[in-house]
Amino acid sequence: MADWFAFSLLGLTADSKLGDAVHFFVEDVTKIFVLLTVIVFAVGMLRSMMTPERMRRMLAGRRKAPAYGLAGLLGAATPFCSCSAVPLFIGLLEAGVPMGVTMTFLITSPMVNEVAVVMLAALLGWKITALYFVTGMTVGILGGLAIDALGMERFVEDYVWKIRMGQVVETEVDHSLRGRMAYGWQQVREIVGRVWLYVLIGIGIGAGLHGYVPQEFFARIAGPDNPFAVPFAVLVGIPLYSNAAGMIPIVEALLAKGLPVGTVLALMMSITAISLPELMILRKVLKVPMLAFFAVYLAVAFIGVGYLFNFVLG
Amino acid sequence: MKAFKVLGSGCKNCISTAKLIEDKAKALGVAVEIEKVTDMAAILGFGVMSTPGVVLDGKVVHAGGIPQPDKVADWLRA
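Residues numbered from 1 in each chain as written. Chains lettered and ligands numbered in written order. Predicted model: local features only at pLDDT ≥ 70, side-chain atom pairs only at ≥ 80, totals over all residues. Heavy atoms only, no water.

Trainee: In this structure, what is going on with the sheet that holds strand β1 (residues 2–7) of chain B? I would like to understand it.
Mentor: Backbone hydrogen bonds are what pair the strands of a sheet, in a parallel or an antiparallel way. Residue and element names in this part refer to chain B. Read across the sheet, four strands follow the order β2-β1-β3-β4 without closing on themselves; strand pairing throughout is mixed. With partners counted over all chains shown, the strands left at the sheet margins are β2 (32–37) and β4 (59–63), one partner each. The average angle at which neighbouring strand axes cross in this sheet is 25°, direction not considered. Where strand β3 (residues 53–56) meets β4, four bridges bridge the pair, whose relative direction is antiparallel. The partner of G53 across the bridge, within β4, is A63. (Pairing = 2+ DSSP bridges. Helix = DSSP H or I, 4+ residues; strand = E, 2+ residues; numbered from the N terminus. Axes fitted to C-alpha atoms, helices over the stretch in contact; angles between N-to-C directions.)

What follows is the structure in structure tokens.
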């Protein structure tokens, strides 16, 4: 279809730069939006019963070791928009879930999710996906443990501790098949509605990289021979935000240009997990030293991940 | 006069929820007063963890997402 559109309809040739970029764009738009809709619908149907209230009950009063693993997995299974991060954070702490466990959830949630996992697997193969999943979880769990060990509860805003929720109101769930399908569609509308622009921009950047940026450019600034490529990728990614779905086309294009896997994954993690808008939202509940720790820890962890992969796979 | 509170941080769904109640009330000719509550401590104080939530005359009637239009109509008729 992309062939037909780019080469027949627009009359571009396959070896021209524009033709190449347009081909990449059309192919990825089709692929990613179809994938995104199918995944979000399917997972939405399965997940219709996984409400924040239920997660709170699952995590509260659990022994520490299993709680960290569970928080990571729940983070991976749930795509929370940043506007629900704050009530969720407070709700978990109020239920007596330790700060470290709560932070594990907040770190893994944007970085590892079903959309990223299925798309990475479909477009880049299961090996990279497995690496991404395992390291994302590890970074989240170690981050939570570190926050716990350092006693960072003192950097939570005081008002948070004063909140008493009383009787928690449950989100209503319609368990019938029809209800679940309706929920799945609602999730598609909500999530695709939220991410489509990032995905288009991501595909646009991917297409631009694909068609216009010469291979040698990347080989020079970010190739395997440049020892600073990984920290550079992570630092560039910190202020930027995109969601995992929007990053896939960029990752795809960068890997095709011969960038090492570690460098590219570090960039993806940095862009999805830390961003200025997210830090501003978390500022409502966390004091500045905690946010600084959060950002520095993640940056260091992603740099470590990048070097590790480049070393192991290089 | 029915007093509604829409609980939410000001995200898109919360605005849509408030608008839904307003439109339904107009369509059914019911007098309503809608207040948007954005203060997190107040929202969680109602026991609501997933926004948007809806409070009708001091009682939480809904949490987690935009309510179904039929449900909104039921609140207005009750």
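Trainee: Would you mind showing me how to read the pattern of salt bridges here?
Mentor: A pair can form between side chains of opposite charge whenever their charged atoms are brought close. In total, this model carries ten salt bridges over all chains according to the counting rule given. Measuring nitrogen to oxygen at the nearest pair gives 3.7 Å for the salt bridge that ties K31(A) to D28(A). Within this pair, K31(A) and its partner D28(A) are both found in helix α2 (residues 17–47), separated by three residues, close to a single helical turn. Owing to a relative accessible area of 28%, K31(A) belongs among the partly exposed residues under this scheme. Its salt-bridge partner being D74(B), residue R77(B) comes within 3.9 Å of it at the nearest N-O pair. Here R77(B) and its partner D74(B) are both found in helix α3 (residues 69–77), three residues apart, which amounts to about one turn of the helix. Overlapping salt bridges bring together E27(A), D28(A), K31(A) and E252(A) as one network. (Salt bridge = Lys/Arg side-chain N within 4 Å of Asp/Glu carboxyl O. Buried < 20%, exposed > 50% of the residue type's maximum accessible area, 1.4 Å probe, protein only.)

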